[in-house]
Amino acid sequence: MTNEAHTVSAGSRTDPPDTAPLHRLEVAELSKAFGSTRALREVHLRIAPGELHGLVGQNGCGKSTLVKILTGVYAPDPGASIAVDGRQLALPVRPMQQREAGVSVVHQNSGLVDDLTVWENVRLGHYRAGRLSRRINRREEQRATERVLARLDRPLDVGRQVGQLSAEDRAVVAIARAVQDHRPGGGLIVFDESTRALGRSARARFFELVRSLVDEGTSVLLISHQLEEVVEATDRVTVLRDGAVVEAGLRTSEVDEVSLTRMMLGRHLVTHGRVGSQVRDKVVASVRGLAVGPVTGLDLDIRRGEILGLTGLIGSGFVETAEALAGARPADVGTLSVHGRDLALDRKRGCTEEFVDAGVAFVPERRLEAGVAGELSVADNLTLPRVRSRGGRLRTGSAWQSEETAAMIAKLDIRPPHPQAPVHTLSGGNQQKVLLGKWLAGAPNLLVLHEPTQAVDVGARHDIIDAIREAARDGCGIVLASIDPVDLAVLCDRVLVFRDGRVAKELSGELEQDAIVHAVFGDDTKPQEEGQSD
Amino acid sequence: MDVTSQQDTDTPPAAPKAARTGKPTSTSALAVHFASRYSVIAIWVAMIAVYAAAEPGVFLTKGTFQTIFGSQQALVFLTMALLCTVCVGEFVDLSVPAVFGFSATILPVLVVEHGWGVWPAAFVAVLGAIVVGVVNGLLVVVVGVNTIVVTLGMGTLVGGIALWLSHLNTVSGLPTGFGKIALYSVGGLPVSFYYGVVLVAGFAYLLACTPLGRHIRFVGANREVSRLSGIRVNRIRFGSFVASGALCGVGAVISVAALGGYNPTTSDTLLLPVFASVFLGTAIVLPGRFNPIGTFIGIYFLATGILGLQLLGLEAWVSSVFYGGVLVAAVTISTLLRRRGP
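Residues numbered from 1 in each chain as written. Chains lettered and ligands numbered in written order. Predicted model: local features only at pLDDT ≥ 70, side-chain atom pairs only at ≥ 80, totals over all residues.

Participant: Tell me about the overall build of chain B, and name the residues and values.
Facilitator: If you tally the helices and strands in chain B, you get 15 helices and 4 strands. The buried share of chain B, reckoned over its 342 residues, is 46%. For chain B, long-range pairs separated by at least 24 residues make up 76% of all intrachain contacts whose partners lie at least 6 apart in sequence. (Helix = DSSP H or I, 4+ residues; strand = E, 2+ residues; numbered from the N terminus. Buried ≥ 20, exposed ≤ 12 C-beta atoms within 10 Å, placed from the backbone. Contact = placed C-beta atoms within 7 Å.)

Dropping the structure here:
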């Protein structure tokens, strides 16, 4: 291992530039704003040659934006610099330049085409055409693939279809593709959540292979939700929170999962403490036998005034459950009864009319894609679900609309308070308030929220949390699907933690963020200090 | 649990939010606001002034006025038919002129060659157009085939049937009394002009003031948002294709009544004016948005421009140049308006 020389602390960013060749990758002053949202703020990242570097942070902290800037999908804001082996890359990064510099990325699903063979996948984008015929020389491409696999010491039948391979072998193919351009001992591979599909033993073999590459001098940036593997496998780790680096290049030997979690969460997000539970006895909504995505046979009861949290890792089924409850995603089987009305959750038709009529409201995660129509006005969006029921057939009626719009603008403090402003001119937080107000104005029986405070500022978050509590006080049953432990801890009466399609844990009572995070990220094999679970 | 907060000073929602408002504030913003809505109308007025100066005795006459406002009924119905589908986000219905020609051929063929009464024939003509709309709707909405492909194919298909029915000839000889439903003069203009006015006003009212119109606008703006708000998105999309067919049919009956017959080979020439008007309409009244009143103004803007050029002595090719040029210019302006945002 060669990662000595620079125990880079978060403060020592003014190193003289002559140390540049010491870094395989050096990212400096990297910022990226999307509209009013700042996805990355002056990020610094240094990776030494022959280092396995971990990058962790909650969803939405900017990890994937960082990868997308490295691969040239996004252009960073001016002022950023990215250098590989001391050579500055022109920004935005061009794919050819990235390849020449030896930076390759293995994406979440490994980025493999199942219908193609091993050699076709490995050589994709590298095919050398014959000079005259412009044909691909199949034999030569296969030999090139075999050479790379031999270098990895993992020989595979290069003619097999990738779709037929085991998850472990697929990972080998993805790595082969990533390292084929590297001279031995050089280059940087970015693994962007690529270990998710691997089982326990496959994962161990995967890290053996990665470690052997690293020992030759190749650098690896491992982006992962599995804190356990980050702690076990990496040499150093960088922690991102809200788009900024909070810990740069910490030695992994000095951290554990709990301390990493604490760094990822921070404490500055907290806006207000819990209030007493407002749960009443009467069940307002019950789900029976729900099967959707990985989830099977799930039963739930939600009481009036109850805020029920659903959480887990992506793919654990909590998002699918919330969407199925709201009628947004057809379930395989299952029923929902809301306030005495029975609704089938396994619907062929996509329309949610009967859910809306039964008082089921859904605040989706991607607000501009699924929540509000950005080009239309605040008033139009706020009153949309009720124009049919409250308006006449020939007239929407303006009195109730302006009344409702004014009430929601006041209640949620929507700014600017102009009913006719197109929603896309509002800030993210105010767009989210419009989305929430659109449903709250109809006094729903069941309100399903998916990441209701994602990418909103502190003030808006405050208003949104207050509004959700008020809805609960008014007797609405609320389902909050979120990966944000702060929201869950502050709002929920009960939190169901999903893993692999099952409710792995139910937390209730006084909820602690740490307990929620442990239940989500942690492993069943290491039950630690979760006093709250019951 | 009152979570310990280290940096939390509980800042109230602060400054940056006040920045953007929905209403123009400065004088220049107001000018942009106004220009984006009414610049086409200003160009229209300027155009009239130029023509009037160039051809004083010819252009500023009652005859010119009547030609411009008395001749565009087919286009009014066709643009409204296209708007039906464009408003719900089906971008390009290429079948509109062909469906119009289909109906316009059925009516005189049934009356002249088969001896039907005009009213049953008119009914069948409209029904035929509706059937084409239903087929378009089924293929696009239910099956999910690409709109351009379906409507291009259906348009060519029914256009071909119209040619077959008419034996590639003009079919004429409708009873003159039937012409009254389109040509009866009211205040110097044929009554069919007022049909167009009523249609456009009704459409504008529907979009602006009724629950259905609100749903249509949301489906056009964002299907997923609409679906999750309880709107029956597919029903509205399907309905828009049927309504589009019906409008083509009714427009065809009125046009045929005015003309006394129809030559189906002329249907194709309507395609460009229809698209040019609808897209030009997005630069009028409600900038960046497809709207009936803007489209209506766009139609007469184009008619004025072409008639003026023809009076100046330019020949028939000028209409292609003008319609084509305006279409490209209008789409460009509309794209820029959308990108800039309000």
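Participant: Residues and numbers for the overall build of chain A, please.
Facilitator: Summing up its helical and strand segments, chain A has 18 helices and 20 strands in all. A burial count over chain A gives 51% of its 534 residues as buried. Contacts in chain A between residues far apart in sequence, at least 24 positions, make up 68% of those at least 6 positions apart.

Participant: Help me get a handle on unusual backbone geometry, residues and values and all.
Facilitator: Residue and element names in this part refer to chain A. With an omega dihedral of -5°, the bond running from arginine 415 to proline 416 counts as a cis peptide bond. Even without being a glycine, glutamate 42 presents a positive backbone phi close to 40°. For glutamate 42, the location among the structural elements is in strand β2 (residues 37–47). Despite not being glycine, glutamate 451 has its phi angle at roughly 45°, a positive value. Among the structural elements, glutamate 451 can be located in the loop between β17 (446–450) and α16 (458–473). Judged by the 23 C-beta atoms lying within 10 Å of it, glutamate 451 falls in the buried class.

Participant: Mind laying out the pairing of strand β10 (residues 244–251) of chain A, listing which residues take part and the relevant values?
Facilitator: Residue and element names in this part refer to chain A. Bridge count between strand β9 (residues 236–241) and β10: 5 bridges; the pairing is antiparallel. Residue valine 237 lies in a different strand from β10, and its bridge partner there is leucine 250. Between β9 and the antiparallel strand that follows it, β10, lie 2 residues; aspartate 242 among them carries a positive phi value of about 50°. (Pairing = 2+ DSSP bridges.)

Participant: Let's hear about the confidence of the model for chain A: which residues, and what values?
Facilitator: Residues and elements named next belong to chain A. Per-chain confidence: chain A averages 82 in pLDDT, with 87% of residues scoring 70 or above. Within the model, the stretch residues 1–20 combines pLDDT values under 50 with 22 contacts to residues more than four positions away or in other chains. Counting contacts from residues 524–534, a segment whose pLDDT is below 50, to residues more than four positions away or on other chains yields 14 contacts. (pLDDT = per-residue confidence, 0-100.)

Participant: Run through the pairing of strand β7 (residues 188–192) of chain A, naming residues and quoting values.
Facilitator: Residues and elements named next belong to chain A. In terms of burial, β7 is largely enclosed, as 5 of its 5 residues are buried. Judged by which residues are buried, β7 turns out to be covered on both faces: Leu188, Val190 and Asp192 on one side and Ile189 and Phe191 on the other are all buried. Looking at chain direction, strand β6 (residues 103–106) and β7 are connected through 4 bridges and run parallel. When the sheet's bridge partners are listed, valine 105 is paired in β7 with valine 190.

Participant: Break down the sheet that holds strand β15 (residues 341–344) of chain A for me, with residues and values.
Facilitator: Residues and elements named next belong to chain A. Taken in spatial order, the 4 strands make up an open sheet running β12-β11-β14-β15, and their pairing is antiparallel. Both edges of this open sheet fall to β12 (295–303) and β15, since each of them pairs with a single strand only. In this sheet, neighbouring strand axes are inclined to one another by 10° on average, regardless of whether the strands run parallel or antiparallel. (Axes fitted to C-alpha atoms, helices over the stretch in contact; angles between N-to-C directions.)

Participant: Report on the nonpolar core, specifying residues and quantitative values.
Facilitator: Within the largest apolar cluster, 176 residues are counted, with the highest numbers of intra-cluster contacts made by A:Val448, A:Ile478 and A:Val479. Membership of the second largest hydrophobic core comes to 68 residues, among which are A:Leu52, A:Val122, A:Ile189 and A:Val237. (Core = buried A, V, L, I, M, F, W, Y, C linked by C-beta atoms within 7 Å.)

Participant: Before we move on, can you summarise the environment of A:Gln420 with the specific residues and values?
Facilitator: Secondary-structure assignment places A:Gln420 in the loop between α14 (399–412) and α15 (428–440). On the basis of neighbour count, A:Gln420 is assigned to the exposed category, with 12 C-beta atoms found within 10 Å.

Participant: With reference to specific residues and values, describe helix α18 (residues 513–521) of chain A.
Facilitator: Of all 9 residues making up α18(A), 7 are buried, and the element is well covered by its neighbours. Within the span of α18(A), buried status applies to A:Gln513, A:Ala515, A:Ile516, A:Val517, A:His518, A:Ala519 and A:Val520.

Participant: Outline the packing of helix α10 (residues 211–221) of chain B against helix α12 (residues 233–259) of chain B, supporting the account with residue identities and numerical values.
Facilitator: How two helices sit against one another is set out by the angle between their axes and by the gap between those axes. Residue and element names in this part refer to chain B. Viewed as axis vectors pointing N to C, α10 and α12 meet at an angle of 100°, and their least axial separation amounts to 10 Å. The pairing of α10 with α12 is recorded here as roughly perpendicular in orientation. Contact with α10, carried on its side by His215, Ile216 and Val219, involves Val233, Ile236 and Arg237 of α12 and no other residues of that element. Split by residue class, the contact of α10 with α12 holds 4 nonpolar, 1 polar and 1 charged. (Parallel < 35°, antiparallel > 145°, perpendicular 65-115°, else oblique. Nonpolar A, V, L, I, M, F, W, Y, C, P; charged D, E, K, R; others polar.)

Participant: For the confidence of the model for chain B, give the residues involved together with the corresponding values.
Facilitator: All names here are of chain B. On average, residues of chain B score 85 in pLDDT, and 89% of them are at 70 or above. Segment residues 1–24: pLDDT under 50, and 40 contacts once partners within four positions in sequence are set aside and those in other chains are kept. As a predicted assembly, this complex carries a pTM of 0.73 together with an ipTM value of 0.81.

Participant: How would you sum up the sheet that holds strand β13 (residues 307–312) of chain A? Please name residues and give values.
Facilitator: Residue and element names in this part refer to chain A. If you walk across this open sheet you meet the 6 strands as β16-β17-β18-β13-β19-β20, and the pairing is mixed. Because the sheet does not close on itself, it has two edges, and the strands there are β16 (360–363) and β20 (502–508). When the angles between neighbouring strand axes are averaged without regard to direction, this sheet yields 20°. Pairing between β17 and strand β18 (residues 477–481): 5 bridges, direction parallel. Bridging from a neighbouring strand, valine 448 pairs with valine 479 of β18.

Participant: Outline the environment of A:Val363, listing residues and values.
Facilitator: Residues and elements named next belong to chain A. Within the secondary structure layout, valine 363 lies in strand β16. Residues valine 363 and leucine 449, 86 residues apart in the sequence, show an inter-C-alpha distance of 4.8 Å. Those residues in contact with valine 363 that lie beyond four places of it in its chain are Gly371, Leu435, Leu436, Trp439, Leu449, His450 and Pro452.

Participant: Give a description of helix α5 (residues 96–113) of chain B that names residues and reports values.
Facilitator: Since the α-helix turns once every 3.6 residues, residues separated by three or four places project in the same direction. All names here are of chain B. The first and last C-alpha atoms of α5 sit 25 Å apart over 18 residues, in line with the 26 Å expected at 1.5 Å per residue. Where burial is concerned, most of α5 is hidden: 16 out of the 18 residues are buried. One or two positions beyond α5, positive phi appears at glycine 115, with a value near 70°. (Expected span 1.5 Å × (residues − 1).)

Participant: Give a description of the environment of B:Ala35 that names residues and reports values.
Facilitator: Residue and element names in this part refer to chain B. Along the polypeptide, alanine 35 turns up in helix α1 (residues 27–54). The exposure class of alanine 35 is exposed, given the 12 C-beta atoms found within 10 Å. Considering only alpha carbons, one finds alanine 35 and valine 285, 250 residues apart in sequence, at a separation of 9.9 Å.

Participant: Hey, could you go over the packing of α5(B) against helix α6 (residues 118–143) of chain B for me, with residue numbers and the actual values?
Facilitator: Residue and element names in this part refer to chain B. Remark: α5 packs on α6, axes separated minimally by 8 Å, with the N-to-C direction vectors making an angle of 155°. The orientation of α5 relative to α6 falls into the category roughly antiparallel. Relative to α6, α5 is oriented so that their crossing is right-handed. Contact residues: Val99, Phe102, Ser103, Ile106, Leu107, Leu110 and Val111 in α5; Val118, Ala121, Ala122, Val124, Ala125, Val126, Gly128, Ala129 and Val132 in α6. (Left-handed = near helix turned anticlockwise from the far one by under 90°.)

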